[in-house]
Amino acid sequence: MPETIEQFDTDILIIGSGGAGLFAALHAQKAAPDLEVTLAVKGLIGKCGCTRMVQGGYNVALNPSDSIERHFMDTIVGGKWLPDQDLAWRLVTTAIERIHELENELGCFFDRNPDGSLHQKAFAGQSFDRTVHKGDLTGIEIINRLMEQVMRNPLRRLEECRAIALIKTPAGDALSGVVMIDMRTGKFFFVRAKAVLLASGGGPTMYLYHTPSGDKTCDGMAMALDAGLELRDMEMVQFHPTGLLAGTDTRMTGTVLEEGLRGAGGYLLNGDGERFMLDYDPAGERATRDVVSRGIYAEMRNGKTTPNGGVYIEMKHLGPENVAKRFKGMVERCADSGFDLAGDRVEVVPTAHYMMGGMVFHGDCETKIDGLFIAGEDAGGVHGANRLGGNGVANSTVFGGIAGDAMAAYVKSGKGGLRDPDRSAIDAAVANAVAPFSKKKGNINGLRERLYNVMWDDVGIIRDHEGLTRATAELDDIAAELAESGVDDTDRAFNLTWHDRLNMESLVEISRAITFASLARKDSRGAHYRADYPEAGDLNTTAYTVVTKEEGTFRATTRPVEFTIVKPGESLISDDIGAPPATAGNTAP
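Here is a short report on the structure shown in this document. Values in this document were obtained by computation on a predicted structure and should not be read as measured data.

Quick look at the overall build of the protein now. Of the regular secondary structure elements, the protein holds 14 helices and 18 strands. With the C-alpha coordinates of the protein rotated into their principal frame, the extents come out at 70 × 50 × 50 Å. Per-residue burial over the protein gives 61% buried out of 589 residues. Residue pairs in contact within the protein that sit at least 24 positions apart in sequence constitute 75% of those at least 6 positions apart.

Below you can see the structure in the form of structure tokens.
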């Protein structure tokens, strides 16, 4: 018999508690104090999510010598003309409002210049130093201040509660709610809501080297794909060039050494001690992340590696005391792993960091499913083929706030009501989740290692048809074996093996979407590089990929990008875009 599950109702349900989720909650509460806002998260509110891990900072055009037009052009050119231009414009214009909100309403303390203005440091791929920061631990500052406000507000909080399925109405014309698991007890429950926000984040943890924590497994994207939503730009997985390479026996391997190190003048050296990035791009270490990652990967493939198989980053020529002061968090992170960043060389490797792809959505964060909203890394289209460092946390806070306002308006207008769910869909979601308890114990760790390797080797920094075809077959095999892999401990309360199995389902699903999109894109743009199609192609006929899933079958197509604001060959500014400035735009703090 189907399992009986508890149900409760709320006005607004937010899945995720990173920058997007928390901003959405606060904005919704402020816009409509009479509505009940429920915040649900897989971990602990304020302690999980990727925003907390942000080191570098927040891109925003504040300096009188900078402009929103310049920020916009850097974003479009950095994204290789693939971004949705209306979304990118919304990002750069609203970022100014949001940074003042962070400072003046939430109380964030960002670094300042001697004259009292906000200090903005250099980040790669930008034509102006516009990255606001709090040392090199900006994300912790933002999340801590957001948490102070969240705890003051009468929000309903569901911690360690995992969303597993989006449930529509019986007619399939709108969203009813979300099936969830209380991880502490193992019990299922259904939350019916007038509006739902997916802000669970991406997290490309299917790669051998990755920056997010292991609980970030693309659950939101997987649920959306199963619910019939389209994913765009899924081939665009960003590798941060400088992930710490500390050996195979520590989770510190893969964690980011922030972009500001290279922006400040840090060198990348191969295993022979040679500085090499100027051989790949005139901007050297300050080229965009995709270019630097490919440069490092090329050195690795040529055998010019460090003892652990990567390259070095060197900062000592900038003065050890200066480095220790400006990059305190990075220096301490390296010291914890036995490395001296300020005075010696540290081994690094490109590490899967961010997913530019995600669900297709509109500027008000609505989707084609009535009642479902999207914000943060779950959403696609803002960044195109390459995200500029510092645009990520801006994206989360900008669109999180927009989503909160939009959901409040949607519910208050009467468009969003409590809708009866498709009960058969709820039963199917629960049955699928408990299926591992009735099957023979499988080797989840072994499957994870296979997933790591196939994604790194064949769907990683450099791709081709042969490797992608090989990956498709391997992912099919992994999915089939996973489907038959059971969990031997039948106690569902805090059963981490069970949740690890559910994590793998999401990761394999989105890995397949990435692979299908990579096969569909027969050119090289930004984070997606095809060795068999190395040219970018005609920018004027730029198209983005769209992945759908119907009855278990993946399909990838392309659609033309609409150049609604500026066309290739045109610009909103008169000088160079995306190049490092000749001189720093600000005085060092």
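Turning to helix α9 (residues 328-336), its buried residues number three or more, namely Gly329, Met330, Val331 and Cys334. In the stretch just after α9, Gly338 is the one whose phi turns positive, near 90°.

Attention now moves to the sheet that holds strand β15 (residues 358-359). The strand order across the open sheet built from 4 strands is β15-β10-β17-β18, with neighbouring strands paired in antiparallel fashion. The open sheet has two edge strands with one neighbour each: β15 and β18 (553-560). In this structure, strand β10 (residues 231-232) lies alongside strand β17 (residues 543-550), joined through 2 bridges in antiparallel fashion. Note on β17: the bridge partner recorded for Leu231 is Val547. Sheet contacts for helix α14 (residues 496-520): β10, β17 and β18; angle to β18, the most-contacted strand, approximately 45°.

Tyr58, Phe399, Ile510 and Ile514 are the most contacted members of the largest nonpolar core, which totals 144 residues. Among the elements that take part in this core, helix α10 (residues 391-412) stands out by supplying 11 residues, more than any other. Once you skip the residues sitting within four places of it in the chain, Ile514 turns out to touch Met206, Tyr207, Met234, Glu235, Val237, Met355, Met455, Val459 and Arg463. Listed in part, the 18 residues of the second largest apolar core include Phe72, Tyr354, Ala385 and Tyr544.

For Ala31, the location among the structural elements is in helix α1 (residues 19-31). Here the alpha-carbon distance between Ala31 and Gly16, two residues 15 residues apart in the chain, equals 20 Å. Residues within four places of Ala31 in sequence aside, it is in contact with Asp405, Ala408 and Lys412.

Either a parallel or an antiparallel arrangement is found when strands of a sheet pair, and the pairing is made through backbone hydrogen bonds. If you walk across this open sheet you meet the 4 strands as β11-β14-β13-β12, and the pairing is antiparallel. Edge positions in the open sheet fall to β11 (237-244) and β12 (267-269), since each of these has one partner strand only. This sheet shows a mean twist of 40° between the axes of neighbouring strands, independent of strand direction. Here strand β13 (residues 311-314) runs beside strand β14 (residues 345-355); their pairing, made up of 4 bridges, is antiparallel. Bridging from a neighbouring strand, Val311 pairs with Val348 of β14.

What follows deals with the side chain of Asn495. Along the chain, the position of Asn495 falls in the loop between α13 (465-483) and α14. Using a relative accessible area of 3% as the deciding quantity, one classes Asn495 as buried.

Here we come to the packing of aromatic side chains. Going through the model one piece at a time under the given rule, you end up with 13 aromatic pairs. An angle of 80° between the planes, with centres 6.2 Å apart, marks the rings of Trp81 and Phe563 as edge-to-face. Placement of Trp81 in the loop between α2 (68-78) and α3 (85-104) and of Phe563 in the segment after β18 is noted, with a sequence separation of 482 residues between them. Residue Trp81 is classed as buried on the basis of its relative accessible area of 8%. Aromatic pair Phe188 and Trp498: ring centres 6.1 Å apart, planes at 70°, arrangement edge-to-face. With Phe188 in strand β9 (residues 187-198) and Trp498 in helix α14, this residue pair connects regions lying 310 residues apart in the sequence. Here the aromatic cluster, defined as three or more aromatic residues joined through ring pairs, consists of Tyr207, Tyr209, Phe239, Tyr297 and Trp456. Just above the ring of Phe8 sits the side chain of Arg156; from NZ or CZ to the centre is 3.7 Å. Directly above the aromatic system of Tyr544 lies the positively charged group of Arg232, at a separation of 3.8 Å from the ring centroid.

Reading guide: rules and limits
- Residues numbered from 1 in each chain as written.
- Predicted model: local features only at pLDDT ≥ 70, side-chain atom pairs only at ≥ 80, totals over all residues.
- Heavy atoms only, no water.
- Helix = DSSP H or I, 4+ residues; strand = E, 2+ residues; numbered from the N terminus.
- Buried < 20%, exposed > 50% of the residue type's maximum accessible area, 1.4 Å probe, protein only.
- Contact = heavy atoms within 4.5 Å.
- Pairing = 2+ DSSP bridges.
- Axes fitted to C-alpha atoms, helices over the stretch in contact; angles between N-to-C directions.
- Core = buried A, V, L, I, M, F, W, Y, C linked by side-chain atoms within 4.5 Å.
- Phe/Tyr/Trp six-rings, centres within 6.5 Å; stacked < 30°, edge-to-face > 60°.
- Lys NZ or Arg CZ within 6 Å of the ring centre and 35° of its normal.

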